[in-house]
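The chain contents come next:
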Amino acid sequence: MGKDFTSALRPAIVMTILFAALLGLAYPLAMTGLGQMLFPVQANGSLVRDTGGRVIGSAVVGQAFVTDRYFQTRPSAAGKGYDGLASSGSNLGPAAQALVDRATPDVVKRRAEGIKGPIPADLVTASGSGLDPDLLRASALAQAPRVAKARGLDEARVRALVTEHVQGSILGEPHVNVLSLNRSLDVMER
């Protein structure tokens with residue numbers, strides 16, 4: 001029995017080392033290299049830089065905009081808000097009282113901002129990851145009066161800016177990247 005065990009142990013150890021080297025080192029390094037060669041912007045986080053070259057965000061990760069001068073993203077369920085280390089959804093269903101309790105203050109806030117009629121759901125509910133950088137077109141347009149008033153701009157001009165930033169989608173509804181829209185607002189105001 002000892003000889004059978006020894007003869008079976010050697011191939012098992014060799015295969016473990018081989019697959020650890022192959023799948024733990026060679027494959028990840030190859031994929032990282034290919035990603036850097038073929039998609040360098042995406043492989044490095046789709047970082048957005050200001051005119052001075054300083055990183056100000058990512059095109060694919062939302063961030064909190066809290067002043068009335070900016071379009072605000074949807075609420076985040078990730079940690080203390082848009083924390084990439086704590087990315088997760090709330091996992092609350094539409095009938096969950098906890099979801100109603102969590103969304104009610106946001107509904108009150110949006111009404112205080114002057115939004116009339118039905119409030120778009122993505123203004124009061126978190127996305128699946130809690131890091132969504134986009135809003136539906138209706139959600140951005142609902143915020144246009146508040147942003148225009150805070151900046152002293154014509155509301156029609158702000159609405160036109162929102163429309164310029166609408167991006168199509170294969171699977172979902174047309175959406176607006178909030179960081180891109182807010183950067184354009186800053187440029188418009190100069």
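Residues numbered from 1 in each chain as written. Predicted model: local features only at pLDDT ≥ 70, side-chain atom pairs only at ≥ 80, totals over all residues. Heavy atoms only, no water.

Asks: What's the story with the overall build of the protein chain in this structure? I'm lost.
Replies: The helix and strand tally for the protein chain stands at 6 helices and 5 strands. For a compact globule of 190 residues, the expected C-alpha radius of gyration is about 16 Å, and the protein chain comes in at 24 Å, more than 25% above that figure. For the protein chain, the C-alpha atoms occupy an extent of roughly 85 × 45 × 30 Å along the three principal directions. For the protein chain, long-range pairs separated by at least 24 residues make up 56% of all intrachain contacts whose partners lie at least 6 apart in sequence. Per element, the accessible surface of the protein chain, about 11900 Å² overall, is 64% carbon and sulfur. Averaged over its 20 positive side-chain charges, the protein chain has a centre that lies 3 Å from the centre of its 16 negative ones. (Helix = DSSP H or I, 4+ residues; strand = E, 2+ residues; numbered from the N terminus. Rg over C-alpha atoms; globule rule 2.2 N^0.38 Å. Contact = heavy atoms within 4.5 Å. Areas by Shrake-Rupley, 256 points an atom, 1.4 Å probe, with all protein chains shown as cover. Lys, Arg positive; Asp, Glu negative; His and termini not counted. Charge placed at Lys NZ, Arg CZ, Asp CG, Glu CD.)

Asks: Can you walk me through the layout of surface pockets in this structure?
Replies: In this approach, a probe sized like a water molecule rolls over the atoms, and the result shows the empty space that is left. By volume, the largest pocket is sized at about 290 Å³. Taken together, 19 residues line the largest pocket, and the ones lying closest to its centre are Thr 73, Arg 74, Pro 75, Ser 76 and Lys 109. Classifying every residue of the lining of the largest pocket gives 8 nonpolar, 5 polar and 6 charged. (1 Å grid on protein atoms, 1.4 Å probe; cavity = no way out; pocket = protein on both sides within 12 Å on 5 of 7 lines; lining within 4 Å. Points joined across faces, edges and corners; volume = space filled by probe spheres on them. Nonpolar A, V, L, I, M, F, W, Y, C, P; charged D, E, K, R; others polar.)

Asks: Is there a simple way to explain the packing of aromatic side chains in this structure?
Replies: Each aromatic ring pair is characterised by the separation of its centres together with the angle its planes make. According to the stated counting rule, one finds 1 aromatic pair in the structure shown. Here Phe 65 and Tyr 70 contribute two aromatic rings whose centre-to-centre distance is 5.5 Å and whose plane-to-plane angle is 40°, an arrangement assigned as tilted. Residue classification places Phe 65 among the buried residues on the basis of a relative accessible area of 14%. The lysine or arginine in question, Arg 151, covers the ring of Tyr 70, its NZ or CZ lying 4.8 Å from the ring centre. (Phe/Tyr/Trp six-rings, centres within 6.5 Å; stacked < 30°, edge-to-face > 60°. Buried < 20%, exposed > 50% of the residue type's maximum accessible area, 1.4 Å probe, protein only. Lys NZ or Arg CZ within 6 Å of the ring centre and 35° of its normal.)

Asks: Explain unusual backbone geometry to me, please; I cannot follow it from the model alone.
Replies: With the exception of glycine, most residues fall at negative phi, and the peptide bonds are largely trans. A positive phi is found at Ser 46, a non-glycine position, where the angle reads about 50°. Tracing the sequence through the fold places Ser 46 in the loop between helix H2 (40–43) and strand E1 (47–49). Among the residues examined, Ser 46 registers a relative accessible area of 13% and is labelled buried.

Asks: Looking at this structure, how should I read the pattern of salt bridges?
Replies: Pairing between side chains of opposite charge can happen when the charged atoms of each approach one another. Applying the stated criterion to the full structure yields 8 salt bridges. A salt bridge links Asp 50 to Arg 54, with the shortest nitrogen-to-oxygen separation between them at 3.2 Å. Overall, Asp 50 belongs to the partly exposed group, its relative accessible area being 23%. For Arg 74, the salt bridge is made with Asp 132, and the minimal N-O distance between the two is 3.6 Å. Placement of Arg 74 in the loop between strand E2 (55–58) and helix H3 (97–112) and of Asp 132 in the loop between H3 and strand E3 (134–136) is noted, with a sequence separation of 58 residues between them. Judged by relative accessible area, which is 14%, Arg 74 ranks as buried. Within this structure, Asp 68, Arg 110, Glu 113 and Arg 146 form a network of salt bridges that share partners. (Salt bridge = Lys/Arg side-chain N within 4 Å of Asp/Glu carboxyl O.)

Asks: Explanation requested: helix H4 (residues 137–151) in the structure shown.
Replies: Relative to the 21 Å expected for 15 residues at 1.5 Å per residue, H4 spans 20 Å between its end C-alpha atoms, a close match to the ideal helical length. A bend of about 40° at Ala 144 is the largest found in H4, and the proline Pro 145 appears one to four places after it. Residues Ser 139, Ala 140, Leu 141, Gln 143, Ala 144, Arg 146, Val 147, Ala 148 and Arg 151 constitute the buried set of H4. Following H4 by one or two positions, Gly 152 has its phi on the positive side, about 70°. (Expected span 1.5 Å × (residues − 1). Bend = angle between axes of the 7 residues up to and from the residue.)

Asks: Can you walk me through the sheet that holds strand E5 (residues 175–177) in this structure?
Replies: Through backbone hydrogen bonds, the strands of a sheet pair up, either in parallel or in antiparallel fashion. In spatial order, the strands read E3-E5-E4; together these 3 strands make up an open sheet with antiparallel pairing. Edge strands, defined here as strands with exactly one partner in the open sheet, are E3 and strand E4 (166–167). The sheet contact formed by E3 and E5 spans 3 bridges and is antiparallel. Within the sheet, the bridge partner assigned to Leu 135 lies in E5 and is Val 176. Packed onto the sheet, H4 meets E3, E4 and E5 and runs at close to 85° relative to E3. (Pairing = 2+ DSSP bridges. Axes fitted to C-alpha atoms, helices over the stretch in contact; angles between N-to-C directions.)

Shape is all these values report; function is a separate question.
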